[in-house]
Amino acid sequence: NTSRLQAYDRDNKLLADVPVPVRADPDDYSLVGVTFQDPVIARVVLTLGEVPLGAGIDDLTNGGNGDVVVLDDFIYSEPQADAVGALRALGHRGATALPRGITAG
């Protein structure tokens, strides 16, 4: 199984590497997710199957040669502005708090 979800923080540190559970029944769904107490995820990488979708391409469960993945219905929180991170990216390396009068979100 190559399908997985990887979550990274704003410094590109891997926070989670979660493999998608392999289905026992080809008619079931495979679901995976990750949550954190604080809003620390800056980037997500989804690895989805081994072969692209296409006419005549069959999944392993139908005698094919690879894992075919189809996605539907994503659930995620609304992205929030990271003002401190933006200040750091602009060269304000010592930024640890928002300047007076600036609010995040």
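The rules behind the values
Residues numbered from 1 in each chain as written. Predicted model: local features only at pLDDT ≥ 70, side-chain atom pairs only at ≥ 80, totals over all residues. Heavy atoms only, no water. Helix = DSSP H or I, 4+ residues; strand = E, 2+ residues; numbered from the N terminus. Contact = heavy atoms within 4.5 Å. Areas by Shrake-Rupley, 256 points an atom, 1.4 Å probe, with all protein chains shown as cover. Pairing = 2+ DSSP bridges. Axes fitted to C-alpha atoms, helices over the stretch in contact; angles between N-to-C directions. Phe/Tyr/Trp six-rings, centres within 6.5 Å; stacked < 30°, edge-to-face > 60°. Lys NZ or Arg CZ within 6 Å of the ring centre and 35° of its normal. Polar contact = N/O pair within 3.5 Å; in protein donor to acceptor, adjacent residues only side chain to side chain. Salt bridge = Lys/Arg side-chain N within 4 Å of Asp/Glu carboxyl O. Buried < 20%, exposed > 50% of the residue type's maximum accessible area, 1.4 Å probe, protein only.

S.K.: It is not clear to me how the overall build of the protein chain should be interpreted in this structure. Could you clarify?
M.R.: Scanning the protein chain for helices and strands turns up one helix and three strands. When the helices and strands of the protein chain are read in sequence order from the N terminus, they spell out β-β-β-α. Sequence-distant contacts in the protein chain: of pairs separated by 6 or more residues, those separated by 24 or more amount to 39%. Entry remark: accessible area of the protein chain is about 8,400 Å², with carbon and sulfur atoms responsible for 52%.

S.K.: What exactly am I supposed to notice about the sheet that holds strand S1 (residues 4-8) here?
M.R.: Within a beta sheet, neighbouring strands are joined by backbone hydrogen bonds and run either parallel or antiparallel to one another. With antiparallel pairing, the three strands of this open sheet are ordered in space as S2-S1-S3. Here the strands that pair on one side only, and so sit at the sheet edges, are strand S2 (14-19) and strand S3 (43-47). Sheet twist, expressed as the average angle between the axes of neighbouring strands with direction ignored, equals 10°.

S.K.: Would you mind going over the pairing of S2 with me for this structure?
M.R.: Every regular strand shows the same layout, with side chains that alternate between the two sheet faces. Sheet topology note: the S1/S2 ladder contains five bridges and is antiparallel. Looking at S2, one finds that Arg4 is bridged to Pro19. What sits between S1 and S2 in their antiparallel hairpin is a turn of five residues, with Asn12 showing a positive phi close to 65°.

S.K.: Would you take a moment to explain the packing of aromatic side chains for this structure?
M.R.: Each aromatic ring pair is specified by the distance between its two centres and by the angle formed by the two planes. What the rule picks out here adds up to zero aromatic pairs. Over the aromatic face of Tyr8 sits the side chain of Arg43, whose NZ or CZ is 4.2 Å from the ring centroid.

S.K.: When you look at the side chain of Asp9 in this model, what are you seeing that I'm missing?
M.R.: For Asp9, the position within the fold is in the loop between S1 and S2. Looking at Asp9, its side chain comes within polar contact range of the main-chain nitrogen of Asp11, at 2.9 Å. The contact partners of Asp9, leaving out residues within four places of it in the chain, are Leu15, Val40 and Ala42.

S.K.: What should I look at first to understand the pattern of salt bridges in this one?
M.R.: Pairing between side chains becomes possible if they bear opposite charge and their charged atoms approach one another. In total, this model carries one salt bridge according to the counting rule given. Residues Asp17 and Arg4 are paired through a salt bridge, measuring 2.6 Å at the closest nitrogen-oxygen approach. Of the two residues, Asp17 sits in strand S2 while Arg4 sits in strand S1, which places them 13 residues apart along the sequence. Owing to a relative accessible area of 23%, Arg4 belongs among the partly exposed residues under this scheme.

S.K.: Whenever I open this one, the pairing of S1 confuses me. Can you help?
M.R.: Counting buried positions along S1 gives four out of five residues, so the element sits mostly inside the fold. Where S1 lies against S3, five bridges are found, and the strand directions are antiparallel. Within S3, the position partnered with Ala7 by the bridge is Val44.

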